[in-house]
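For reference, the chains in residue letters:
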Amino acid sequence: MYLYESYLKDNHQKDLLELADGLARTFSKHAEEIDEEGRFPYENFDAMKEKGYTSLTVPEKFGGKGINLYEFIMLQERIASGDASTALSVGWHLGIMLEMVDDQEWSDDLFERMARLVVDENALINRAATEPASGSPTRGAMPETRAIQRDNGWVINGRKSFTSMAPGLDYALVSGEINQSGKKGFFLVDMKSKGISIEKKWNTMSMRGTRSDDLVLQDVKLPLDALIEESEKPRDKKLPKAWLLHIPACYLGVAIAARNYAIKFASEYSPNSLPGPIKDVAEVQRKIGEMELELLKAREMMYSIAWRWVTEPDKRKGMAGELAAVKHVATNGASTVVDLAMRIVGARGLFNDCPMQRYYRDVRAGLHNPPMDDAVISLLAANAFDNHQGPN
Ligand SMILES: Cc1cc2nc3c(=O)[nH]c(=O)nc-3n(C[C@H](O)[C@H](O)[C@H](O)COP(=O)(O)OP(=O)(O)OC[C@H]3O[C@@H](n4cnc5c(N)ncnc54)[C@H](O)[C@@H]3O)c2cc1C
């Protein structure tokens, strides 16, 4: 808990963190097996449901705990140190509720309906937005998935790739083009609907337990009210998607796990060529110090920006650049930390029974979660020109 002490603001957060800490310790025991088998960690989700973790971001008025962005990322970072795939997956689910608290895109009735599913039925939800042909939805392509209105309902056809938690999901929010109109919408799809299938495409080197498989929709019939989000709000009315900070939190969690392993290793490994453990070697100390510096920079930035989001809501509209920058700094910083940690552990880190190689593979996935590095840099440049006052 030492790594969190300076970020904890009150006892409520301490209790929440203890909950995440307990779960993360359990998850870390079988993270290796989940990765090796590339299977969905059902048991982790059962444990999170039992402890109420999967409804933490649901507002209290709908039966959840109403945790804020700052608390959300702190818990997610801790869970990711135990098992990154579980953290990223549950982060998508929890983030949907948090987004609706902040952005209020859904009607009260819809929000309550969704919240009840999460709280009372332990439902798991995720957005299915990526497609093989359109790539990352953040690039703005129109989905090839088609929704056509017919007989007082919708008929949907399409294929979604990268659908995290595919085998464990109860509902998916599927993006699709509405009536071939050039307008995009999100449809609430019950995963038990006829015409839904999952194709096991997730044969990756990273984040294997997320089971981000393909979701295939073939003539799936939905009621009219399944269209729950229609056309995007104009840019000046939109809030940045702060809930996506669960992504940097996840990969920083991986970096912390690698850092902890490397420190323990350096404290215990004592080759015959030295009078004591390698932690006394200047080069090892330098690498440890560099890891600490990277973590400090990224975490200070992430936590302070999340806190600003929570405490200064009037500034939220202008925070897109800062939020995106956190993702860039944290995911790249996390990669650096894991790389340094691997160098400390040496060739032992290459063995499959050493968690270091898993951290090294998992941390790499962060680069391909949104927003991507080039998009962050372009956004910061655009903001700089927008806000330029001229020479003074
Ligand atoms: C572990 C993991 C879990 C995920 N979970 C989900 C999920 O639950 N739901 C979901 O919907 N998605 C999910 N995704 C998908 C993710 O959000 C991205 O859509 C996906 O990783 C594809 O990103 P990409 O950059 O490789 O794709 P692409 O957009 O295909 O990009 C490929 C390459 O082309 C370049 N490129 C493409 N288009 C442009 C452009 N217009 N301008 C400039 N460069 C361009 C990119 O820079 C990149 O180098 C997940 C991804 C990962 C890795």
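Remember, predicted model here, so these are calculated numbers, not experimental data.

## Quick notes on the overall build of the chain
Here's step 1: Regarding its fold elements, the chain presents 11 helices and 8 strands.
Here's step 2: Projecting the C-alpha coordinates of the chain onto the three principal axes gives extents of approximately 80 × 60 × 40 Å.
Here's step 3: Summarising the internal contacts of the chain: among those between residues at least 6 apart in sequence, 74% fall at separations of at least 24.
Here's step 4: Put simply, the chain shows about 18,200 Å² of open surface, and 50% of that area lies on carbon and sulfur atoms.
Here's step 5: For the chain, the separation between the mean place of its 49 positive charges and that of its 57 negative charges on side chains is 2 Å.

## Let's talk about the nonpolar core
Soluble globular proteins tend to bury their nonpolar side chains together.
Here's step 1: Core analysis: the largest hydrophobic core is formed by 96 residues, its most contacted members being Tyr53, Leu69, Phe187, Tyr251 and Met356.
Here's step 2: Counting residues per element, this core draws most heavily on helix H7 (residues 246-268), which supplies 13 residues.
Here's step 3: If we skip the residues at most four places from it in the chain, Phe187 touches Ala147, Trp154, Ile156, Ala172, Leu173, Val174, Gly176, Ile178, Leu222, Ala226 and Leu227.
Here's step 4: Core analysis: the second largest hydrophobic core is formed by 20 residues, Phe62, Trp106, Met114 and Ala115 among them.

## Comments concerning the site of the ligand
Here's step 1: Near the ligand you find 20 residues, and of these Asn126, Thr130, Phe162, Ser164 and His368 are the closest.
Here's step 2: In this structure, a nitrogen atom belonging to the ligand sits 2.8 Å away from a side-chain N or O atom of Thr130.
Here's step 3: Interatomic distance of 3.2 Å between a backbone N/O atom of Phe162 and a nitrogen atom of the ligand.
Here's step 4: Considering the ligand on its own, with 950 Å² of exposed area, one finds that the protein chains cover 65% of that surface.
Here's step 5: Counting residues per element, the ones that place at least two in the shell around the ligand are helix H5 (84-103) and strand E1 (125-128).
Here's step 6: The biggest single contributor to the shell around the ligand is E1, with 3 residues.
Here's step 7: Class assignment for the residues of the shell around the ligand results in 10 nonpolar, 8 polar and 2 charged.
Here's step 8: For the shell around the ligand, the two domains that each supply at least three residues are domain 2 (127-230) and domain 3 (235-386).

## Details of the side chain of Ser134
Here's step 1: Structurally, Ser134 is set in the loop between E1 and strand E2 (146-150).
Here's step 2: Under the relative-accessibility criterion, Ser134 is labelled buried at 16%.

## Some details on the layout of surface pockets
Empty space among the atoms becomes visible once a probe the size of a water molecule is rolled across them.
Here's step 1: Considered as a void within the structure, the second largest pocket measures approximately 480 Å³ in volume.
Here's step 2: Lining the second largest pocket we find 23 residues, and of these Ser28, Arg78, Ser81, Ala257 and Asn260 sit closest to its centre.
Here's step 3: Elements with a contribution of two residues or more to the lining of the second largest pocket: helix H1 (11-29), helix H2 (31-37), helix H4 (69-82), H7 and helix H10 (355-365).
Here's step 4: Grouping the amino acids of the lining of the second largest pocket by side-chain chemistry returns 11 nonpolar, 4 polar and 8 charged.
Here's step 5: The residues that make up the lining of the second largest pocket include at least three from each of domain 1 (2-124) and domain 3 (235-386).

## Examining the environment of Gly333
Here's step 1: Relative to the elements of secondary structure, Gly333 occurs in helix H9 (residues 320-345).
Here's step 2: Exposure remark for Gly333: the relative accessible area of 6% places this residue in the buried category.

## Description of the pattern of salt bridges
Here's step 1: Here the structure, examined in full by the defined rule, presents 31 salt bridges.
Here's step 2: With a shortest N-O distance of 3.8 Å, Glu18 and Lys14 are connected by a salt bridge. Here the residue Glu18 and the residue Lys14 both occupy positions in helix H1, the gap between them amounting to 4 residues, near one helical turn.
Here's step 3: For Lys14, a relative accessible area of 39% translates into the label partly exposed.
Here's step 4: When the shortest N-O distance is used, the salt bridge between Glu199 and Lys201 registers 3.8 Å.
Here's step 5: Of the residues examined, Glu199 reaches a relative accessible area of 29% and is grouped as partly exposed.
Here's step 6: The network of salt bridges with shared partners includes Glu33, Glu37, Arg39 and Glu43.

## Regarding the state of the cysteines
Here's step 1: In total, this model carries 0 disulfides according to the counting rule given.
Here's step 2: Lacking any disulfide linkage, Cys250 is separated from the closest cysteine sulfur, that of Cys354, by 19 Å.
Here's step 3: Residue class for Cys354 comes out buried when judged on its relative accessible area of 4%.

## Some details on the domain arrangement of the chain
Here's step 1: Considered domain by domain, the chain is made up of domain 1 (2-124), domain 2 (127-230) and domain 3 (235-386).
Here's step 2: If you look at the interface, domain 1 gives 30 residues, while domain 3 gives 34 residues.
Here's step 3: Here domain 1 packs against domain 3, burying approximately 2,900 Å² in sum over the two surfaces, 63% of which is carbon and sulfur.
Here's step 4: Considering only the side of domain 1, the residues that lose the most area to domain 3 are Tyr7, Leu69 and Glu77, jointly responsible for 22% of the buried surface there.
Here's step 5: For the interface between domain 1 and domain 3, the tally reads 4 salt bridges.
Here's step 6: Among the salt bridges present, the one from Glu77 reaches Arg299, with a minimum N-O distance of 2.9 Å.
Here's step 7: Counting every contact that joins domain 1 to domain 3 gives 9 residue pairs in polar contact (both at pLDDT 80 or more).
Here's step 8: Elements that contribute at least two residues to the side of domain 1 that touches domain 3 include exactly H2, H4 and H5.
Here's step 9: When residues in the side of domain 1 that touches domain 3 are grouped by element, the largest group, 11 residues, is from H5.
Here's step 10: Counted by class, the side of domain 1 that touches domain 3 contains 17 nonpolar, 6 polar and 7 charged residues.

Reading guide: rules and limits
Residues numbered from 1 in each chain as written. Predicted model: local features only at pLDDT ≥ 70, side-chain atom pairs only at ≥ 80, totals over all residues. Heavy atoms only, no water. Helix = DSSP H or I, 4+ residues; strand = E, 2+ residues; numbered from the N terminus. Contact = heavy atoms within 4.5 Å. Areas by Shrake-Rupley, 256 points an atom, 1.4 Å probe, with all protein chains shown as cover. Lys, Arg positive; Asp, Glu negative; His and termini not counted. Charge placed at Lys NZ, Arg CZ, Asp CG, Glu CD. Core = buried A, V, L, I, M, F, W, Y, C linked by side-chain atoms within 4.5 Å. Buried < 20%, exposed > 50% of the residue type's maximum accessible area, 1.4 Å probe, protein only. Near = heavy atom within 4 Å. Polar contact = N/O pair within 3.5 Å; in protein donor to acceptor, adjacent residues only side chain to side chain. Nonpolar A, V, L, I, M, F, W, Y, C, P; charged D, E, K, R; others polar. Domains from an automatic or database assignment. 1 Å grid on protein atoms, 1.4 Å probe; cavity = no way out; pocket = protein on both sides within 12 Å on 5 of 7 lines; lining within 4 Å. Points joined across faces, edges and corners; volume = space filled by probe spheres on them. Salt bridge = Lys/Arg side-chain N within 4 Å of Asp/Glu carboxyl O. Disulfide = S-S within 2.5 Å. Buried area = accessible area lost by both parts, 1.4 Å probe.

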